[in-house]
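# Descriptive structure summary
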Amino acid sequence: MNKSRELHPDIPLDLPTAERLQAAIAHYGERAVIENAVTLLRAKNAGKDFLLYAGGRHALGILEGAPALYWPELWGARVFLHAWDEALAAPYVVVGLTNQAWRVREMCARVVLMRDLQVAPKLVKMLTDDVPRVRAGALRALAAQGTAEHVDAIAALVHDPDIEVRRTAQQSRDALRERLR
């Protein structure tokens, strides 16, 4: 049997993310989970056990020697969809909007949307990201917090080369206009 699997028999690797993170909260406490998630998002080591809670079975690969790449940072950001303390996490989520890995930028945009972090100027900058999924994530978040001055920036992406970005831009423009009525 693989040694790393033997080391962590009580971590529920195969549970869905929300349930696995609830187990982490039950084990560590919510504040410690948030602090460890910040550590991951900052590309620092939060310990093997927490990595497994955050990443599930996928994290085993990293512990077995696969390159970490951006995965721990992504998993750290994803924790904030399930556990939150604005004072602890928000500054790092905002920094994550400019992470070199597109998946981290996209996840941080999701957290911004869910946690209503008011960072419209940063979201506007993300509308020119090279990655369509990042542009779409920024559009959704900007639709939820933007003002009338953001309608044109959102509407400009109705002509984006990527069809999903175009759809999201239309939906976001309409949602923002409706919200501003």
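To continue, consider the overall build of the chain. Each helix and strand counted, the chain has 12 helices and 0 strands in total. Traced from its N-terminal end to its C-terminal end, the chain shows the element sequence α-α-α-α-α-α-α-α-α-α-α-α. For the chain, the residues scored as buried account for 48% of the 181 residues in total. Expressed as a percentage of contacts within the chain between residues at least 6 apart in sequence, the contacts between residues at least 24 apart total 65%.

What follows is about the pattern of salt bridges. Taken as a whole and assessed by the stated rule, the structure comprises 8 salt bridges. Between D14 and R57 there is a salt bridge, and its shortest N-O distance comes to 2.7 Å. On the criterion of sequence distance, the pair formed by D14 in the loop between α1 (3-7) and α2 (17-28) and R57 in helix α5 (residues 57-63) is long-range, its members being 43 residues apart. E164 serves as the salt-bridge partner of R167, at 2.5 Å between the closest nitrogen and oxygen. In this pair, R167 and E164 are both assigned in helix α12 (residues 163-180), 3 residues apart and thus about one turn of the helix distant. Classification of E164 as partly exposed rests on a relative accessible area of 43%.

The next point concerns the packing of aromatic side chains. Across all of its chains, the model carries 5 aromatic pairs by this definition. Arranged with centres 5.8 Å apart and planes meeting at 80 degrees, the rings of F80 and W84 form a pair that is edge-to-face. On the basis of relative accessible area, F80 is assigned to the buried category, the value being 0%. Its relative accessible area of 19% is what places W84 among the buried residues. Feature note: the residues Y28, F50 and Y53 constitute an aromatic cluster, connected by ring pairs.

Moving on to helix α3 (residues 30-41). Between its terminal C-alpha atoms α3 stretches 16 Å, which fits the 16 Å expected from 12 residues at 1.5 Å a residue. Considered for burial, the residues of α3 that qualify are V33, I34, N36, A37, V38, L40 and L41. Contacts from the buried residues of α3 go to α2, α4 (48-55), α6 (71-79), α7 (86-96) and α8 (102-115). Just past α3, the residue A43 takes up positive phi, approximately 65 degrees.

For the rest of this paragraph, the subject is the nonpolar core. The biggest cluster of nonpolar side chains holds 60 residues, and the ones touching the most others in it are F50, V79, F80, W84, V93, V112 and L123. Contact partners of V112, with chain neighbours within four places excluded, come to V93, L97, L117, V119, L123, A141 and Q145.

Turning next to the environment of A54. Examined against the element boundaries, A54 turns out to sit in helix α4. Separated by 121 residues in sequence, A54 and A175 have C-alpha atoms that sit 33 Å apart. Ignoring anything within four residues of it in the chain, the contact list for A54 reads R20, L21, L40, W75, R78 and V79.

Conventions adopted
The residue numbers shown here count from 1 along each chain, following its written sequence. Totals for whole chains, interfaces and linings use all residues, but because this is a predicted model, local features are given only for residues with pLDDT of at least 70 and pairs of side-chain atoms are given and counted only at 80 or more. The side-chain numbers reported here are obtained from all heavy atoms of the structure, hydrogens and water having been left aside. A run of H or I in DSSP counts as a helix once it spans at least four residues, and a run of E counts as a strand once it spans at least two, with each numbered from the N terminus. Think of it in three bands: with a 1.4 Å probe and only protein chains considered, a residue is buried below 20% of the maximum accessible area for its type, exposed above 50%, and partly exposed in between. Two residues form a contact once any of their heavy atoms are found within 4.5 Å. By definition here, a salt bridge exists when the distance from a side-chain nitrogen of Lys or Arg to a carboxyl oxygen of Asp or Glu is within 4 Å. To pair, rings of Phe, Tyr and Trp, with the six-membered ring standing in for Trp, must have centres within 6.5 Å; the planes then decide the type, stacked if under 30 degrees apart, edge-to-face if over 60, and tilted in the middle. Working rule for helices: expected span equals 1.5 Å times residues minus one. Each nonpolar core is a collection of buried residues, namely Ala, Val, Leu, Ile, Met, Phe, Trp, Tyr and Cys, held together in the definition by side-chain atoms within 4.5 Å.

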